[in-house]
Amino acid sequence: MKGYLQILMQPVLQRCAAGPLWMTWLLTAFMLVGVVVAEVVTGKTAIVGVALFIPLGSLTILWWIAFIQSAVQQNLPLHAQLVPQHRGRLMRLTAMLWLAGTLALGCLSALALGHFCMGLLASAALLFVMAVGQRYPKAGAVPALLVMVFNLLPHPVIHPWLLVERYGESAVAIAGLILLAGAGAALLPLMYLRGGDRHWRWQMKFAYRQEVLRTGVMPESGASLTTKWGWWQQIAYTMSLKRACSGGVSSARMQMYALGPNAYWMRYTVMPALLTLVSAALSILLGPSVFLNKFAPLYSVFLTMIGIGMFVQNVGVAIYRTSTEQGLLRLTPGAVPEVIFNRSLARALLGGFFKLWLVSAVSVVVIGKIFGGAGWIYLLSLTALLLPFSVLLLRNFAAMREPYGSSMTALMAAGALLVLLASSAVDVLLWSQVWMATGIACVLLTALLLGRGWRRMMAMPAAFPASRMA
Amino acid sequence: MNASVVNIAAVSKSFGAQPVLDGVDWNIAAGKVVGLLGRNGAGKSTLLECTLGLREVDAGGVTLFGDPVARLSDATRARIGYVPQKPELFEWLTPIQLLAYFQAQYPRWNAAKVDGLLTRWGFSGNMRRKPVGIMSVGEKQRLSIIRALAHDPDLLILDEPVASLDPAGRRDFLRELIDDVIERDTTVIFSTHILSDLERVALDVAFLKDGKIALQSPLDELLESARRITGPSAALSALRFADEIRREPGAAGIVSILARPSVTEMAALGAEGSRLQVEALSLEDLFVEVTK
């Protein structure tokens, strides 16, 4: 029993060590206040159920993720192999907590929505995907893919709602739960590996992801350097570097190569290029589709926005991480003189940003043309919303304490999603001139911000080696 | 008298409220091989970074080959080699790409030497195509040293270069340093904690303590002349040495003096007879005593 208790204590201790449990207390307070207010004001069970469902459901999910993260972390190859019963306890606890969480969320959804069986199935599936996602991160995309498939197939043979209509909620829920339990039993030993090379490799990847989440800084992944995908991703950088090394390139450009492929703008053009190609292929293969016409251009805007956000973030991370390299370069003959250093760096960074933006904007407009669901002014104006972020590249790198974390990209992603959802709801109501005005306003705002940022950066100490004055 | 290659005058540097260097004065003549010693956190890396202009100093100034570090000419830069303490360099490149990158920036590049070092130091075959990011720390350090030696620098600054090398790697590196670098009259500043390596390589040693160079001397002279003199305070209180490094009162009225007595002073010590204990010191003893 003590063994189980120790395992269960770890996520709590880890969270406490990371800071106060403000999210837990906030949700608990929100739940208590919500339930009291709902009961006093409405007295309706459904409203009270909703007041319970949202915070308690969030709490359940929050702690489920915390448990799974902690459990896979506790299952170090060393422990999995040598500590008696440790791995077995982890697997049994995962199964028990999955059942408990499913039951809790099912009951809450019955209270709030009146659908116990479907609530149970949806909760079980959600917790399942979250758990499997810790081991196989790509599994997180499965629900989105299923939604797309069900919406794209002209005559779906198996559709959840068709099944519910035919067999009833209970039967579908029971069948679904049995399927999930079977899949869970098969996947548990894969989630909790027992030593060996595969376990070590996985543990390295997991530690890498945890580091990214914890610090917001993407450490250089040794694994990515040896994969074919990693090789493809940096092929443009490598080729450009090879050309530069054979001569005739300014020292300012050579300085940019020292930041590595993550800070090379061309790397991020892969996404818009791929999106354009996939869009063209889909439109040829599937023909006209209401779903694609509406969502494909917006989805491409979203992805390109994320790509540009990642570029801005990764430039900061690369500058932060490569200060040793910058020091070596500063000692090379022909290094950019200190008095013009910031100017040449700012020009190179902004040049990369605007080239990437241009490629992304062209790609979005082309995708819009392919599907015909959205006007080019509207799409171009949406991408123009990203232009002001260019000013984030002009900062006092010499005194930088830390780069922008992944929270900045997450914030941009959330913002982009909100803007897209809002714009997709109102675009039909607005004239194209309004979108054009929005785009122009963004350009003007960018010019204003860049003017200020530029003057400030020129007055700062030479940017490299970064963080030396932090 | 050789011209001064490194001239550090009254350099001070703090990180926030924590002073690290406190008015360091240090001159290094051409062809000197100096071992820089100091305890952990004494500021050795900071001093080397300030020397190279990689960190701004709060006060004072540094010149390298006569150029102020803030305005090094290209010709001067081409004469400097540096091995940083942290060998994580250009993790996304292979050794060949990394060296090609630097080759493109130096007017002088000893390709034959690079090729020889790569082969001798284990970078042959697939190792030359292995990304730096997945190399071991020792391999990265060896590559970092090759990169620093490739343009035959006249001034080589090494910040704990052998800390992560295995004994064979250390032996190879020291052989290279002695046979090629020092033979060419290169000026070397070498920070390390491995004193046996320093004894093989360094001609001079400098001890950094409390933000200052507490002692600098040719190593042989220092080892030959430094003595720890221990005895009752009554016997030692009257004794004063021209080159006294430290005097420390101990328990039960015993005093310990670290000094470099002259011939006359040694004779005076002999006259004191058995009341005093006079010991010659090893470099390790000296390190402990000077940096205490």
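What counts and what doesn't
- Numbers given for residues are sequential positions, taken from 1 along each chain in its written order.
- In the order they appear in the text, chains get letters beginning with A and ligands get numbers beginning with 1.
- Selection of residues for local features in this predicted model requires a pLDDT of at least 70, selection of side-chain atom pairs for listing and counting requires 80 or more, and totals for whole chains, interfaces and linings are taken over all residues.
- With hydrogens and water excluded, all non-hydrogen atoms of the structure serve as input to the side-chain values.
- A run of H or I in DSSP becomes a helix once it reaches four residues, and a run of E becomes a strand once it reaches two; helices and strands are each numbered from the N terminus.
- Burial classes follow relative accessibility: with a 1.4 Å probe on protein chains only, a residue under 20% of its type's maximum area counts as buried, one over 50% as exposed, and anything between as partly exposed.
- Contacts are assigned to residue pairs with any non-hydrogen atoms lying within 4.5 Å of each other.
- Residue-level accessible areas treat just the shown protein chains as cover; the underlying method is Shrake-Rupley with a 1.4 Å probe.
- In this count, Lys and Arg are taken as positive residues and Asp and Glu as negative ones, while His and the chain termini are left out.
- For this purpose, a charge sits on NZ of Lys, CZ of Arg, CG of Asp or CD of Glu.
- Buried area: the accessible surface (1.4 Å probe) lost by two parts on joining, summed over both.
- Any Lys or Arg side-chain nitrogen found within 4 Å of a carboxyl oxygen on Asp or Glu counts as a salt bridge.
- Two strands pair if DSSP finds at least two bridges between them.
- Between N-to-C directions, angles cover 0 to 180 degrees, with each direction set by a line fitted to C-alpha atoms, over the stretch in contact for helices.
- Oblique is the label for any angle not under 35 degrees, not over 145, and not in the 65 to 115 range, which are roughly parallel, roughly antiparallel and roughly perpendicular in turn.
- The handedness criterion is simple: a crossing whose near helix is rotated anticlockwise from the far helix by less than a right angle is left-handed, and one whose near helix is rotated clockwise is right-handed.
- Polar here means any residue outside two lists: the nonpolar Ala, Val, Leu, Ile, Met, Phe, Trp, Tyr, Cys and Pro, and the charged Asp, Glu, Lys and Arg; Gly therefore counts as polar.
- Any helix carries an expected span of 1.5 Å times its number of residues minus one.
- Read the arc as the range of directions from the helix axis to the C-beta atoms.
- The predictor rates its confidence in each residue with pLDDT, a number between 0 and 100.
- What goes into a patch is any residue over 30% in relative accessible area without a salt bridge, connected to like charges within 9 Å or, for nonpolar side chains (Val, Leu, Ile, Met, Phe, Trp, Tyr), within 5 Å.
- Pairing of aromatic rings covers Phe, Tyr and Trp, the last through its six-membered ring, and needs centres within 6.5 Å; plane angles under 30 degrees mean stacked, over 60 mean edge-to-face, and all others mean tilted.
- Our definition puts a charge over a ring when NZ of Lys or CZ of Arg is within 6 Å of the ring centre and also within 35 degrees of the ring normal.

Undergrad: Residue-level account of the overall build of chain B, with values.
TA: Each helix and strand in chain B was counted, giving 11 helices and 14 strands. Summarising its shape, the C-alpha atoms of chain B cover approximately 70 × 40 × 40 Å along the three principal directions. Per-residue burial over chain B gives 53% buried out of 292 residues. A separation threshold of at least 6 residues defines the contact pool for chain B, and within that pool the share at least 24 residues apart is 67%. Summed over all atoms, the accessible surface of chain B reaches about 12100 Å², with 50% contributed by carbon and sulfur. Here chain B contributes 33 positively and 38 negatively charged side chains, and the mean placements of these two sets differ by 3 Å.

Undergrad: Now, about the interface of chain B and chain A: what can you tell me, with residues and values included?
TA: With 32 residues of chain B at the interface, the matching set in chain A holds 33 residues. Roughly 2900 Å² is buried in total at the junction of chain B and chain A, and carbon and sulfur atoms are behind 62% of that figure. Counting across the chain B and chain A interface gives one salt bridge. For Arg468(A), the salt bridge goes to Glu56(B), with nearest N and O atoms at 2.4 Å.

Undergrad: Explain the sheet that holds strand E7 (residues 155-159) of chain B residue by residue, including any values.
TA: Residues and elements named next belong to chain B. Spatial ordering of the open sheet is given by E6-E7-E8-E3-E9-E10, a layout of six strands whose pairing is mixed. On the outer flanks of this sheet lie strand E6 (80-83) and strand E10 (212-218), each paired with one strand and no other. In this sheet, adjacent strand axes meet at a mean angle of 15° when their direction is disregarded. In the sheet, E7 pairs with strand E8 (residues 187-191) via five bridges, with the strands oriented parallel. Each bridged residue has a counterpart across the sheet, and for Asp159 the counterpart in E8 is Ser191. Along the sheet, helix H1 (residues 44-51) makes contact with strand E3 (33-37), E6, E7, E8, strand E9 (204-209) and E10, crossing E7 at roughly 150°. Against the sheet, helix H11 (residues 283-290) touches E3, E9 and E10, its axis set at about 30° to E9.

Undergrad: Now, about the packing of helix H4 (residues 111-120) of chain B against helix H5 (residues 137-149) of chain B: what can you tell me, with residues and values included?
TA: All names here are of chain B. For the pair H4 and H5, interaxial distance at closest approach is 10 Å and the crossing angle is 165°. It follows from the interaxial angle that H4 and H5 lie roughly antiparallel. The two elements H4 and H5 cross, and the hand of that crossing is right-handed. Two secondary-structure elements touch here, H4 through Lys113, Val114, Leu117 and Leu118 and H5 through Leu143, Ile146 and Leu149. Classifying every residue of the contact of H4 with H5 gives six nonpolar, no polar and one charged.

Undergrad: Any details on unusual backbone geometry? Residues and values, ideally.
TA: Backbone torsion omega between Phe464(A) and Pro465(A) reads -5°, so that peptide bond is classified as cis. With respect to the helices, strands and loops of the structure, Pro465(A) is situated in the segment after helix H21 (432-458). If you check the backbone angles, Ser467(A) has positive phi at about 65° while not being a glycine. Within the secondary structure layout, Ser467(A) lies in the segment after H21. Positive phi, close to 45°, is recorded for Asp152(B), a residue that is not glycine. In this fold, Asp152(B) is placed in the loop between H5 and E7.

Undergrad: Which residues make up the sheet that holds strand E4 (residues 59-64) of chain B, and what values do they have?
TA: All names here are of chain B. Read from one edge of the open sheet, four strands run E2-E1-E4-E5, paired in antiparallel fashion. A strand with exactly one partner marks an edge of an open sheet, and here the two such strands are strand E2 (18-29) and strand E5 (67-68). Summarising the sheet, strand E1 (residues 4-15) and E4 pair through five bridges and their orientation is antiparallel. Counterpart to Asn7 in the pairing with E4 is Thr63.

Undergrad: Describe the environment of Asp58(B), naming the residues involved and giving the relevant values.
TA: Residue and element names in this part refer to chain B. When you line up the elements, Asp58 lands in the loop between H1 and E4. Residue Asp58 is classed as partly exposed on the basis of its relative accessible area of 48%. When residues no more than four places from it in sequence are discounted, the contact partners of Asp58 are Ser12, Lys13 and Ser14.

Undergrad: I'd like a description of helix H2 (residues 22-41) of chain A, backed by residues and values.
TA: Residue and element names in this part refer to chain A. Here H2 contains 20 residues, and its C-alpha end-to-end distance of 27 Å stays within 8% of the 28 Å for a straight helix at 1.5 Å per residue. Of all the positions in H2, only Thr24, Leu27, Met31 and Ala38 are classed as buried. Buried residues of H2, seen end-on, are gathered within an arc of 75° and therefore sit on one face of the element. Facing away from the buried surface of H2 by more than 90 degrees, the exposed residues are Trp22, Trp25, Leu26, Leu32, Val33, Val40 and Val41. The elements touched by buried residues of H2 are helix H3 (45-74).

Undergrad: So what about the packing of helix H6 (residues 116-135) of chain A against helix H9 (residues 169-191) of chain A? Which residues, and what values?
TA: All names here are of chain A. Interaxial distance between H6 and H9 falls to 9 Å at its minimum, and their mutual angle equals 15°. It follows that H6 is roughly parallel to H9 by the angle criterion. For the pair H6 and H9, the crossing hand works out as left-handed. Within the contact between the two elements, H6 uses Cys117, Met118, Leu120, Leu121, Ala124, Ala125, Phe128, Ala131, Val132 and Arg135 and H9 uses Glu169, Ser170, Val172, Ala173, Gly176, Leu177, Leu180, Ala183, Gly184, Leu187, Leu190 and Met191. Of the residues that constitute the contact of H6 with H9, the class distribution is 17 nonpolar, three polar and two charged.

Undergrad: Describe the confidence of the model for chain B, with residues and values.
TA: Of all residues in chain B, 98% have pLDDT values of 70 or greater, and the mean over the chain is 88. Model confidence for chain B, summarised as mean pLDDT per element, is weakest for helix H10 (residues 263-272) of chain B at 76 and strongest for E4(B) at 95.

Undergrad: So, a nonpolar patch on the surface: which residues are in play, and what are the values?
TA: All names here are of chain A. The grouping of Val33, Val36, Val37, Val40 and Val41 at the surface amounts to a nonpolar patch, some 480 Å² of accessible area in total. Take Val41: it is sitting in helix H2. Assessed through its relative accessible area of 64%, Val41 is described here as exposed.

Undergrad: An account of a positive patch on the surface is needed here, citing residue identities and associated values.
TA: All names here are of chain A. Residues Lys138, Arg198, Arg201 and Lys205 make up a contiguous surface patch of positive charge. Considering the arrangement of structural elements, one finds Lys138 in the loop between H6 and helix H7 (142-152). Accessibility expressed as a relative area gives 76% for Lys138, which makes it exposed.

Undergrad: Mind laying out the packing of aromatic side chains, listing which residues take part and the relevant values?
TA: Scanning the entire structure with this criterion turns up 13 aromatic pairs over all chains. Arranged with centres 5.3 Å apart and planes meeting at 85°, the rings of Phe353(A) and Phe354(A) form a pair that is edge-to-face. Its relative accessible area of 0% is what places Phe353(A) among the buried residues. What links up through ring pairs into an aromatic cluster is the set Tyr237(A), Tyr257(A), Tyr264(A) and Trp92(B). Sitting above the plane of the Trp202(A) ring, Arg135(A) keeps its charged end 5.1 Å from the centroid. Positioned above the aromatic ring of Phe102(B) is the side chain of Arg147(B), whose terminal nitrogen or guanidinium carbon lies 5.0 Å from the ring centre.

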